[in-house]
Every structure is written in structure tokens, then in C-alpha cells.
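Now for the letters of each chain:
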Amino acid sequence: MRTVRDIPGLSDATVLLRADLDVPVAENGLIEEEFRIIQQKENLDFLLSGGARVVMVAHASDPQAQSFRGLLPQLKRLFGREISFLAGLEDIRNVSGRAGSFYLLDNVRRWPEETRNDAAFAAELADGFDVYVNNAFAVVHREHASVSAAAFIKPAYAGLLVEKEIRQLSDVIDAPAEGKVLIMGGAKASTKVPVISNLIAKAEHVLVGGIVANDILKAKGQDIGSSRVDDNIGQLLKGLDLDDPRLHVPDDSVVEEGAYMDLGPNSVHAYTSIIKSAKTVIWNGPVGKFEDIRFAGGTLAIARAIVDSGAFSLIGGGDTIAAVSQAGLLNRFGHVSTGGGAMLAFLSGERLPGLVPLGVYPK
């Protein structure tokens with residue numbers, strides 16, 4: 001993998017930097033969760049202190065942040081730097097500031113060609129730059145113009161955050177199966193089951209909760225009442241041995257109006273007992289409807305068991321991060337991934353389009 005440390009002649013280079021500013025924004029315009037933005041600072045500082053001119057390209061999906069213009073004061077505070085705002089692609093052509101100048105292009109998803117991975121749009125975006133750097137791990141599984149196509153036009157390098165994410169994820173995949181615990185919860189079973197299928201033979205225990213557990217329980221013939229499940233359970237679980245002794249499903253639940261809302265006390269005890277003896281823990285997805293304090297007990301118990309276990313822990317996913325943040329435990333985990341979907345795609349063994357031009361995979 002080629003990283004920013006390998007860029008020749010960084011001083012006075014003009015760098016197209018794909019970064020991650022996709023954060024929740026309140027109706028009053030204030031950024032609600034700064035974690036992802038703060039994770040961009042180290043790489044930005046490396047490039048600017050090395051004498052590069054940097055144009056940051058990023059997207060925002062929150063309806064309150066469709067333009068970055070209103071976020072500029074907050075971004076200046078978080079990055080600790082002045083930012084020159086670029087409203088359109090034509091403004092990039094005028095980037096000619098001194099070494100160490102920092103520019104931000106407006107939300108790249110304002111242009112529909114971005115999500116279509118349009119080659120002409122990517123060429124226009126990359127025109128005039130010396131190098132391309134991807135430091136937006138959260139979107140490396142997306143085949144978008146600023147993530148994939150543009151990276152093949154200029155010499156491409158991984159940012160420091162992407163380098164760290166790949167190293168940490170690779171390390172947990174390669175860690176010994178003995179003492180390795182995989183925890184999969186939340187919704188979107190279509191993204192969780194491939195991870196289970198890929199890693200179950202490389203783990204000692206796989207603990208499931210949330211809708212993923214509901215799907216498995218229903219497939220095994222259990223009456224789960226009105227609990228949420230996926231429509232295509234048979235296809236989702238195809239190829240997964242539901243009777244594998246390494247695969248653990250809840251044996252009791254907190255129920256409201258006939259629906260499973262959280263792990264029951266027996267399941268909490270069983271899961272946390274396994275976690276306490278773990279050496280490596282990978283976790284994505286809360287095991288209950290944590291947003292409601294009545295159903296947050298299972299998720300919080302798992303979070304506390306992980307940080308108390310002494311195991312190396314890697315967690316990811318917006319809901320997982322939100323849950324542990326609310327509990328004041330975010331800084332107690334070994335690595336907190338900035339990309340839930342990208343983390344799952346990497347763990348499932350997919351070849352991610354944003355990583356291909358960075359030299360991550362053998363040719």
C-alpha cells in the first residue's frame with residue numbers, strides 16, 4: 001500500500017485529498033458528532049506541514065449539511081486552520097496559493113456524477129493536481145468518482161487514517177482464532193452475515209443480537225412474535241451453518257408488545273462471560289434498541305465487558321459508536337473504525353474499489 005509518506009516531492013505539490021466530513025448536524029447547524037472530522041486532522045497536518053497545497057473533497061449526507069459553507073467556522077476550529085471555500089469545480093482551477101494552503105470543495109455529492117462514478121467528472125475533478133490521497137475510509141467500499149475513478153488519473157496514495165484502518169482490520173482478521181470473539185448486532189443483516197461467514201472459522205465465538213439474531217432464530221424455527229426480521233432470510237443466511245457451535249444466539253430477550261427489543265438477562269450473562277476471557281474482540285452493531293434506555297442494557301453490558309476484558313477491541317458502525325459514546329466509553333476501545341459499512345465489507349473479504357488504486361491488493 002502506497003501512503004502519504006511515499007509521496008515524492010510533497011513540498012509545493014498540489015494534492016487532491018478525499019476526506020470524510022459526513023457527520024450528523026443539528027437543525028441549528030451545529031455538528032453533533034465530531035469524531036470523524038477529528039480523525040482527519042493528523043493526515044491534513046502531515047500534508048500541509050510538508051509544504052503541500054491541499055484541496056479537500058468530501059461529502060455530507062445529513063440534510064442539514066448539504067453545503068459545507070455553513071459549517072466553515074466549526075471546521076476551522078476543529079482543524080485549527082484557515083480554510084478557503086471552493087463553491088464549484090471551476091474554482092479549483094484558481095488554486096495557486098502558497099505552500100501550506102488549505103481549500104475545501106463544497107459537498108461533492110451536489111454533483112450527481114459523483115455517485116455515478118462518472119469518468120468525465122472524475123477527470124475534471126482531478127485536473128491540475130499532482131497527486132491524489134484517499135483518507136476517507138468510510139467510503140472506500142463506494143464506487144464513486146472521487147473515491148475510485150479519480151484515483152486512477154493521478155498517482156494515488158493512502159492517507160494516514162486509511163493506512164491505520166487497514167492495518168488494524170488486517171491484524172484482527174489474522175489474529176489467532178483462540179480467544180477471538182466476533183459480535184454482530186443491529187440491522188442490515190445483508191452486511192453482517194457475510195462477515196460471519198468469512199470469519200466464523202477464524203474465531204472462537206460469534207455472538208449475534210438485534211435483527212441479525214432475529215433472522216437466525218426465525219430460520220431455526222423459533223416463534224419470535226412481532227420482532228423485526230428481514231424479508232429474504234433464506235437467501236441472507238444461505239451457506240451459513242446455523243448449528244455451528246461457535247455461533248451463539250440469544251436464549252432469552254426483553255420483549256415489548258410481542259417484539260424482541262434487547263438481550264434478556266441469561267443471554268447478557270452468557271455473552272459477557274465469553275467476552276471476559278477474550279483476547280481479541282470485533283464488534284459492529286448494538287444488540288438491542290439502545291436509543292430507548294429501557295432496551296440499552298444488553299449493549300451497555302457488552303461494552304463494559306469488552307473494556308474490562310483486557311482484550312484488543314475493534315469496534316465500528318454509527319450506532320455502536322453512538323452507544324459507547326453515550327456511556328462515556330469511546331476512548332476505552334483499542335480501535336474505533338470510522339467506517340461501519342467499509343469495515344464490514346473489508347471484514348467480509350470484499351475487494352473494495354477505493355482501495356484498489358492504492359495498491360492494497362496484489363495485482
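A quick note: this is a predicted structure, and the numbers were derived from the prediction, not measured.

Enquirer: I'd like to hear about the side chain of Asp 244, residue by residue, with values.
Expert: Looking at where Asp 244 falls in the secondary structure, it is placed in the loop between helix H9 (233-236) and strand E9 (247-248). Under the relative-accessibility criterion, Asp 244 is labelled buried at 9%. Reaching out from Asp 244, the side chain makes a polar contact with the side chain of Arg 246 at a distance of 2.8 Å.

Enquirer: Run through helix H8 (residues 210-219), naming residues and quoting values.
Expert: In terms of burial, H8 is a largely internal element, seven of the ten residues being buried. Those residues of H8 not exposed but buried are Ile 211, Val 212, Ala 213, Asn 214, Asp 215, Ile 216 and Leu 217. The first or second residue beyond H8 is Gly 221, which carries a positive phi of 95°.

Enquirer: I'd love a proper account of the packing of aromatic side chains, names of residues and values included.
Expert: Across all of its chains, the model carries three aromatic pairs by this definition. The interplanar angle of 80° and the centroid separation of 5.8 Å between the aromatic rings of Phe 79 and Phe 102 together place this pair among those described as edge-to-face. Taken together, the residues span a long stretch of sequence, with Phe 79 in helix H3 (residues 72-79) and Phe 102 in strand E4 (residues 102-105) at a distance of 23 residues. Note on Phe 102: relative accessible area 5%, which makes it buried. When the ring of Trp 283 is compared with that of Phe 333, the centres are 6.5 Å apart and the planes differ by 50°; the resulting orientation is tilted.

Enquirer: An account of the pattern of salt bridges is needed here, citing residue identities and associated values.
Expert: One pass over the full model with this rule turns up 15 salt bridges. Two residues, Arg 5 and Glu 163, come together in a salt bridge whose shortest N-O distance is 2.5 Å. Here Glu 163 lies in helix H6 (residues 160-174) and Arg 5 lies in the segment before strand E1 (14-18), a separation of 158 residues in the sequence. Using a relative accessible area of 17% as the deciding quantity, one classes Glu 163 as buried. We note a salt bridge from Asp 244 to Arg 246, for which the minimum N-O separation is 2.8 Å. Its relative accessible area of 29% is what places Arg 246 among the partly exposed residues. Overlapping salt bridges bring together Asp 20, Asp 22 and Arg 36 as one network.

Enquirer: Tell me about the sheet that holds strand E3 (residues 84-86), and name the residues and values.
Expert: Strand order in the open sheet formed by six strands is E3-E4-E2-E1-E5-E6, with parallel pairing between adjacent strands. Of all the strands in the sheet, just E3 and strand E6 (156-158) have a single pairing partner and so form its edges. Each neighbouring strand pair of the sheet contributes to a mean axis angle of 25°, computed without reference to strand direction.

Enquirer: Go over the pairing of strand E13 (residues 312-316) with me, naming the residues and quoting the values.
Expert: Of all five residues making up E13, four are buried, and the element is well covered by its neighbours. For the handedness criterion, the β-α-β arrangement of strand E12 (residues 280-284), helix H11 (residues 297-309) and E13 is classed as right-handed. In the sheet, E13 pairs with strand E14 (residues 335-336) via two bridges, with the strands oriented parallel. Bridge pairing in E14 links Ile 315 to Val 336. The handedness of the E13 to E14 crossover, carried by helix H12 (residues 318-326), is right-handed.

Enquirer: Before we move on, can you summarise the environment of Arg 167 with the specific residues and values?
Expert: Looking at where Arg 167 falls in the secondary structure, it is placed in helix H6. Linking Arg 167 and Asp 130, residues 37 residues apart in sequence, is a C-alpha distance of 26 Å.

Enquirer: Would you mind going over the environment of Pro 176 in detail, with residue names and values included?
Expert: By the element assignment, Pro 176 lies in the loop between H6 and strand E7 (180-184). Each C-alpha atom, one on Pro 176 and one on Lys 279, is 9.0 Å from the other, the two residues being 103 residues apart in sequence.

Enquirer: Explain the side chain of Asp 20 to me, using residue names and the numbers behind them.
Expert: Structurally, the position occupied by Asp 20 is in the loop between E1 and helix H1 (35-38). Here the side chain of Asp 20 touches Asp 22 through a polar contact of 3.1 Å, landing on its backbone nitrogen. Of note is the side chain of Asp 20, whose polar atom sits 3.4 Å from the side chain of Arg 36.

Enquirer: Outline the nonpolar core, supporting the account with residue identities and numerical values.
Expert: Membership of the largest hydrophobic core comes to 86 residues, with the highest contact counts inside it found for Val 208 and Phe 333. The greatest single-element share of this core, amounting to six residues, is contributed by helix H13 (residues 340-347). The contacts of Val 208, once residues within four sequence positions are left out, are Met 184, Ile 196, Ala 213, Ile 216, Leu 247, His 248, Val 249, Pro 250 and Tyr 271. Within the second largest apolar cluster, 35 residues are counted, among which are Ala 13, Leu 21, Leu 48 and Ala 60.

The rules behind each value
Residues numbered from 1 in each chain as written. Predicted model: local features only at pLDDT ≥ 70, side-chain atom pairs only at ≥ 80, totals over all residues. Heavy atoms only, no water. Helix = DSSP H or I, 4+ residues; strand = E, 2+ residues; numbered from the N terminus. Buried < 20%, exposed > 50% of the residue type's maximum accessible area, 1.4 Å probe, protein only. Polar contact = N/O pair within 3.5 Å; in protein donor to acceptor, adjacent residues only side chain to side chain. Phe/Tyr/Trp six-rings, centres within 6.5 Å; stacked < 30°, edge-to-face > 60°. Salt bridge = Lys/Arg side-chain N within 4 Å of Asp/Glu carboxyl O. Pairing = 2+ DSSP bridges. Axes fitted to C-alpha atoms, helices over the stretch in contact; angles between N-to-C directions. Right-handed = clockwise from strand over helix to strand, strands pointing away. Core = buried A, V, L, I, M, F, W, Y, C linked by side-chain atoms within 4.5 Å. Contact = heavy atoms within 4.5 Å.

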